[in-house]
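# An overview of the molecular structure
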Amino acid sequence: MLKTILSRVIQTIVVVFLLVTFVFFAIRAIPGDSFASDKATSPEAKEALEKLYGRDKSLPVQYANYWKNILTEGNFGDSTAMKGRKVSTLIAESFPVSLKLGLLSLFLGMGIGIPLGIVAALFHNKWQDYTAMVVAMAGICVVAFVLGPIFQLSIARPLSWLNVAGWNRTSDILLPAITLCFGVAAYLARLTRGGMLDVLSQDYIRTARAKGVPTLQIITKHAMRPALIPAVTFLGPAFAAIITGSFVVENIFLVPGMGQHFVLGITSKDYNLVLGLVLFYGILMGLANLLSDLALIFMDPKLRTS
Amino acid sequence: MLRTTFFTALASLLFVSCERRSDVEIANEENILIIGNSGEPKGLDPHLVSGVLESNIIRALFEGLCVEDPAKDSTSLPGAAKTWAPTEGSGFTEWIFNLNPDAKWSDGVPVTAHDFVFSYRRLLSPDPDWPAEYAEMLYFLKNGEAYHRSYFGSILCGNDPDFPLAWETLKEANFGGERTLKLENFKDKEFSKLEEIDLKKLKPYLDEGESVRLDKITSDKVALSELTKTEKIIFFNAKGIDKLSQEQLEALAEETDLLRWTENVPEDIRQEVLKRIIAHHEAKKPNLWDKAKVGVTAVDDFTLKINLRGPAPFLPEITKHYTWYPVPKHVVLRYGKMNTAFASQWTRPGNLVSNGPFKLKTWRTNHFIELEKNPEYWDAETVSLDGVRYLPIKNYYTETRMFGDDQLHLTYTVPSELIPMAKEKYPDQLRQEPYVGVRFIRVNTLNKPFDNPKVRRAFALAIDQQAICQKILQGGQTPASGIVPPFGEYKVPDVIHFDPAKAKALLAESGYESTSSFPEISLLTTNSDSGLREAEALQAMWQKHLGIKVRITQREWTTYLQKQYDADYDLCVAGWIGDYLDPTTFLEMWVADGGNNNTGWSSKKFENLLNKAENTADIPTRMGLLSDAERTILSDTPVLPIYWYTTNYLIRPEVKNWNPLLLNNHPFKFVKIEK
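The structure contained in this document is the topic of the report that follows. Remember, it's a predicted structure, so these values are computed and weren't measured experimentally. (Residues numbered from 1 in each chain as written. Chains lettered and ligands numbered in written order. Predicted model: local features only at pLDDT ≥ 70, side-chain atom pairs only at ≥ 80, totals over all residues.)

### Notes on the overall build of chain A
So the rule is basically this: Under the DSSP-based scheme used, a helix requires at least four consecutive residues in state H or I and a strand at least two consecutive residues in state E, with every element numbered from the N terminus. Every C-beta atom is placed from the backbone, and the number of other C-beta atoms within 10 Å of a residue's own sets its class: buried at 20 or more, exposed at 12 or fewer, partly exposed in between.
Summing up its helical and strand segments, chain A has 14 helices and 0 strands in all. Walking chain A from its N terminus toward its C terminus, one meets helices and strands in the order α-α-α-α-α-α-α-α-α-α-α-α-α-α. Along the first, second and third principal axes, the C-alpha atoms of chain A reach 85 × 55 × 30 Å. Out of the 306 residues belonging to chain A, those deemed buried represent 41%.

### Considering the overall build of chain B
Under the convention used in this document: Here the globule rule reads 2.2 Å times residues to the power 0.38, and the radius of gyration is calculated from C-alpha atoms.
In terms of helices and strands, chain B carries 25 helices and 18 strands. Taken over C-alpha atoms, the radius of gyration comes to 28 Å for chain B, in line with the 26 Å a tight globule of 675 residues would show. Principal-axis analysis of the C-alpha atoms gives chain B an extent of 90 × 70 × 65 Å. Within chain B, the fraction of its 675 residues that count as buried is 46%.

### With respect to the packing of helix α10 (residues 229-243) of chain A against helix α13 (residues 271-299) of chain A
All names here are of chain A. As a reminder of what qualifies: Note on geometry: axes are lines fitted to C-alpha atoms, helical ones only across the stretch in contact, with angles between N-to-C directions running from 0 to 180 degrees. Oblique is the label for any angle not under 35 degrees, not over 145, and not in the 65 to 115 range, which are roughly parallel, roughly antiparallel and roughly perpendicular in turn. Two helices that cross are described as forming a left-handed crossing if the nearer one is turned anticlockwise from the farther one by less than a right angle, and a right-handed crossing if clockwise. Any two residues are considered in contact once their C-beta atoms, placed from the backbone, lie within 7 Å.
Orientation of α10 relative to α13, taken along the N-to-C sense of each, is 160°, at an axis distance of 7 Å. Between α10 and α13, the angle is such that the two are roughly antiparallel. Here α10 runs over α13; the crossing is right-handed. Contacts between α10 and α13 involve Ile229, Val232, Thr233, Leu235, Gly236, Pro237, Phe239 and Ala240 from the first element and Tyr281, Leu284, Met285, Ala288, Asn289, Leu291, Ser292, Ala295, Leu296 and Met299 from the second.

### Some words on the interface of chain B and chain A
What counts, and what does not: Residues are grouped as follows: Ala, Val, Leu, Ile, Met, Phe, Trp, Tyr, Cys and Pro are nonpolar; Asp, Glu, Lys and Arg are charged; every other residue, Gly included, is polar.
Listed per partner, the contact involves 50 residues of chain B and 50 residues of chain A. Counting residues per element, the ones that place at least two in the side of chain B that touches chain A are α1 (2-16), α16 (396-404) and α22 (557-565) of chain B. The dominant element in the side of chain B that touches chain A, judged by the number of residues it contributes, is α22(B), at 6 residues. Across the side of chain B that touches chain A, the residue classes break down as 20 nonpolar, 17 polar and 13 charged.

### Concerning helix α2 (residues 23-30) of chain B
At 3.6 residues per turn, the α-helix brings residues three or four places apart onto the same side. All names here are of chain B. Spelled out, the test is: Summarising the geometry, the arc corresponds to the directions from the helix axis toward the C-beta atoms.
Among all positions of α2, only Asp23, Val24, Ala27 and Asn28 are buried. Down the axis of α2, the buried side of the element spans an arc of 130°, and every buried residue falls inside it. Across from the buried face of α2, at angles greater than 90 degrees, the exposed residues are Glu29 and Glu30. Contact partners of the buried residues in α2: β1 (32-36) and β18 (672-673). Of the residues trailing α2, asparagine 31 is marked for its positive phi of about 65°.

### Description of the sheet that holds β1(B)
Residues and elements named next belong to chain B. Put simply, the rule is: Only strands joined by at least two bridges in the DSSP assignment are considered to pair.
Ordered by their spatial adjacency, 4 strands build an open sheet running β1-β10-β9-β8, and the pairing between neighbours is mixed. Two strands bound the open sheet, and with one partner strand each, they are β1 and β8 (358-364). Strand-to-strand, the axes of this sheet are offset by a mean angle of 20°, without reference to chain direction. Relative to strand β10 (residues 387-391), strand β9 (residues 368-373) runs antiparallel, the two being bridged by 4 bridges. Bridge assignment links leucine 371 to a residue of β10, and that residue is valine 388.

### As for the packing of helix α8 (residues 203-210) of chain A against helix α9 (residues 215-227) of chain A
Residues and elements named next belong to chain A. At their nearest, the axes of α8 and α9 sit 11 Å apart, and the two run at 150° to each other. As far as their axial angle goes, α9 and α8 are roughly antiparallel. Relative to α9, α8 is oriented so that their crossing is right-handed. Between α8 and α9, the residues in contact are Tyr204, Ile205, Ala208 and Arg209 and Ile218, His222 and Ala223, respectively.

### Notes on the sheet that holds strand β16 (residues 639-650) of chain B
Residue and element names in this part refer to chain B. Overall, mixed pairing links the 6 strands, which are arranged β12-β16-β11-β15-β13-β14 in an open sheet. Single-partner strands in this sheet number two, and they are β12 (478-479) and β14 (550-555). Sheet topology places strand β11 (residues 430-443) next to β16; 10 bridges connect them, and they run antiparallel. Looking across to β16, one finds that glutamine 432 is bridged to asparagine 648.

### A few points about the pairing of β14(B)
Residue and element names in this part refer to chain B. As a reminder, the rule being used: With its strands directed away from the observer, a crossover is right-handed exactly when the path from the first strand over the helix to the second travels clockwise.
Pairing of strand β13 (residues 521-526) with β14 involves 6 bridges; the strand directions are parallel. Note on β14: the bridge partner recorded for isoleucine 521 is valine 550. The handedness of the β13 to β14 crossover, carried by helix α21 (residues 529-546), is right-handed.

### Some points on the environment of Thr413(B)
Residue and element names in this part refer to chain B. Note that threonine 413 resides in the loop between α16 and α17 (419-425). C-beta crowding within 10 Å serves as the criterion here: with 17 such atoms nearby, threonine 413 is assigned to the partly exposed category. Spatially, the C-alpha atom of threonine 413 lies 9.6 Å from that of arginine 431, the residues being 18 residues apart in sequence. Residues contacting threonine 413, with those up to four places away along its chain left out, are Tyr396, Asn648 and Tyr649.

Spelled out as structure tokens, the structure:
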């Protein structure tokens with residue numbers, strides 16, 4: 001067990017290092033200029049900015065400095081789009097928002113998706129199955145920028161206590177969370193259905209049925225745990241993705257989360273911000289994968305020995 | 001178990017959140033104005049930003065010498081200054097501003113003339129670490145440009161009354177570098193492969209059949225000892241005296257003829273000039289503020305004297321621009337040096353001290369910025385609002401929906417697709433007002449076919465401006481017959497009109513027929529939906545009226561900007577918004593080395609007219625000269641005007657004193673929420 005965790009941690013460190021290295025050079029290959037402004041910047045001002053952000057040095061030196069600042073001072077650099085603000089502060093400000101929203105939509109997604117998948121599997125090839133799968137398919141296909149405005153106009157507008165967008169009232173989390181949860185719920189439903197169908201056709205389930213164990217008990221006691229293995233495998237990375245925010249949902253619902261930093265960081269060529277986010281996301285992804293692996297070990301006794 | 005907890009939590013959350021009043025109702029009770037502001041500000045330091053959304057916040061926080069009238073354009077009300085007047089006999093070149101002794105910073109410290117001097121000195125700082133983008137706004141000040149750009153000759157010799165030669169004569173020498181000879185144009189090029197245009201620039205310095213090593217001249221570390229005499233001449237003349245390093249100046253002193261001085265500057269004067277600049281470099285470049293004699297002086301604590309480079313009867317108008325606002329000397333210096341740029345924390349909440357009607361209360365990235373009434377403000381009685389909340393809504397569709405759900409008083413804009421809906425649904429709340437801005441197409445005059453003015457004009461006349469305004473934009477925009485929108489006493493020269501027949505004739509005259517012989521050209525625009533629709537309309541018009549197919553190139557914002565600055569385009573759709581109500585805000589950008597020109601076009605005649613206007617105090621004469629200047633540029637057509645801007649926004653009826661203003665700079669101190 002300890003060995004698994006240790007090797008995972010080392011793997012994560014290596015992956016994150018490679019990821020940051022790749023992004024460090026890749027983002028500099030994108031055309032455009034971090035310091036381009038709608039009014040012409042004089043060559044002097046531009047030079048000053050480049051010096052201020054250490055861009056006047058050669059690429060290898062910049063790369064070495066990037067790691068040096070992180071490892072010695074814990075400094076991820078300043079944002080170039082929002083000058084004077086530290087990347088670490090921006091992440092620290094926006095991550096709790098995304099985490100809160102992500103967790104709620106993940107729970108909602110699980111609450112909808114898993115039962116839907118179980119029902120579909122139990123009524124395999126019956127109308128319940130088809131209905132559930134159509135709903136799931138719709139959840140995958142109908143993207144947030146369609147769902148969001150529909151919810152805003154059809155739910156928030158008629159309800160006086162619910163706002164169209166914003167992040168001030170406690171109820172403001174509802175619509176973005178519902179919008180976000182659909183994708184998760186849809187995948188989970190499909191994966192749970194597949195896992196469940198697989199398990200239900202196993203010999204030991206047939207034996208249980210033959211012995212006269214009630215259906216509900218078969219599902220909760222015998223089928224559920226192995227049937228959820230594919231879903232749990234998916235949940236690891238999905239968890240990391242969803243708690244780091246979604247550009248579209250944040251943009252539509254005016255949520256001050258991390259998702260918009262990703263996209264705006266790239267469009268404004270904010271190298272430090274993008275790198276900081278990639279680093280953070282990489283670590284979270286490694287952590288989430290580790291957790292889902294541990295969960296699998298807990299769920300599947302076969303994995304425990306190997 | 002987990003699920004039970006979760007649902008209980010959800011249920012309790014719903015009960016707690018059952019606030020039935022809308023955000024606007026709550027804000028009305030709290031007397032706070034909520035406005036959409038299109039995005040997160042890049043910063044709040046008035047000297048380090050250049051955008052409209054930042055200025056919306058800065059105008060509520062800070063106050064300049066004069067303040068906008070809430071209803072009348074070109075009218076100045078007392079701000080930090082109580083009274084002001086040009087000194088008699090100075091012809092509008094010297095002004096005295098008597099500051100309001102009651103004006104205080106939000107921490108209670110009085111606002112003094114020293115704060116203004118400090119601010120202008122800060123914005124103009126020539127320090128290579130100081131990245132101010134908007135210092136040009138202070139070039140109105142006498143010697144402002146010389147100080148900011150470190151024109152050593154002008155500062156060290158021109159400003160010295162004891163200098164043996166008058167500056168009027170001396171300045172003809174090559175201090176700034178030859179305009180036509182820019183080293184960056186020759187970088188990474190080979191002499192034998194130079195194009196005709198570039199070769200022409202070098203010709204005057206070369207003997208018949210002589211060649212030079214461009215890589216040696218344009219190298220970052222030029223080794224003067226390795227250069228031939230001709231190469232040295234080209235190098236020195238391209239750089240100009242002010243830009244030479246100490247070592248290069250010393251080399252020049254040994255043989256002054258390597259640079260163009262004009263024959264009126266004798267050798268001993270040349271040596272004296274070089275000696276002074278070398279001495280300055282030797283002394284590790286001490287700050288030149290005192291020697292530069294920039295035209296801003298604190299006569300006493302509450303009297304500010306402004307000397308201008310030329311007569312400007314409209315100076316009070318300019319002082320309303322945020323580049324002319326004061327910053328608190330005592331606070332800026334508390335968090336860093338005078339020109340510590342972004343590392344300084346003086347604009348953060350808790351630190352920021354301002355002199356306007358409001359002060360900073362909360363600033364959360366991508367969430368909101370809230371200002372509260374500044375009790376120390378000298379005219380706090382007039383200020384009706386208790387606060388202003390800015391929402392960084394980037395998604396304008398969301399913004400319109402939020403307005404419909406009573407979440408804001410005012411939207412930043414209404415996207416053109418939603419204007420028909422807004423007209424129907426919010427007929428009383430939709431405002432469509434003129435805005436001094438112009439939409440136009442930059443033309444790259446350096447490349448074929450647009451080096452030919454007839455082709456440019458043909459393209460200009462083939463744009464059906466009316467159709468773009470009425471069928472695509474629908475926001476009340478008007479066809480632009482020039483680049484300066486109509487306002488005040490300025491007479492628009494009225495040159496460009498949709499005329500397909502004439503456009504066709506011009507194209508035929510140009511030597512290009514609308515056939516396949518025409519080079520392939522592209523139209524650069526941004527990646528926005530509205531940008532694409534506009535570009536497609538233009539494409540269709542040129543196809544229809546000229547028979548020329550133009551390719552559309554969409555690039556996202558920073559790449560789009562970069563391509564313009566690099567002159568890497570044929571045609572490019574762009575916009576320009578006036579900083580102040582004077583035609584120069586639209587005309588000055590088209591001078592030869594203007595950073596926002598980017599067309600490769602320049603004209604001596606145009607610049608002479610601008611110069612003349614700059615030195616003319618009589619308003620009708622001045623406007624006439626500027627009108628002539630605009631006619632010059634339009635007849636050469638390096639820009640194709642499309643339309644003049646309007647602002648389209650939604651406003652709630654209880655917001656009062658938010659009136660149409662051409663610059664759209666609404667003074668927050670007069671805005672009221674009627675209960």
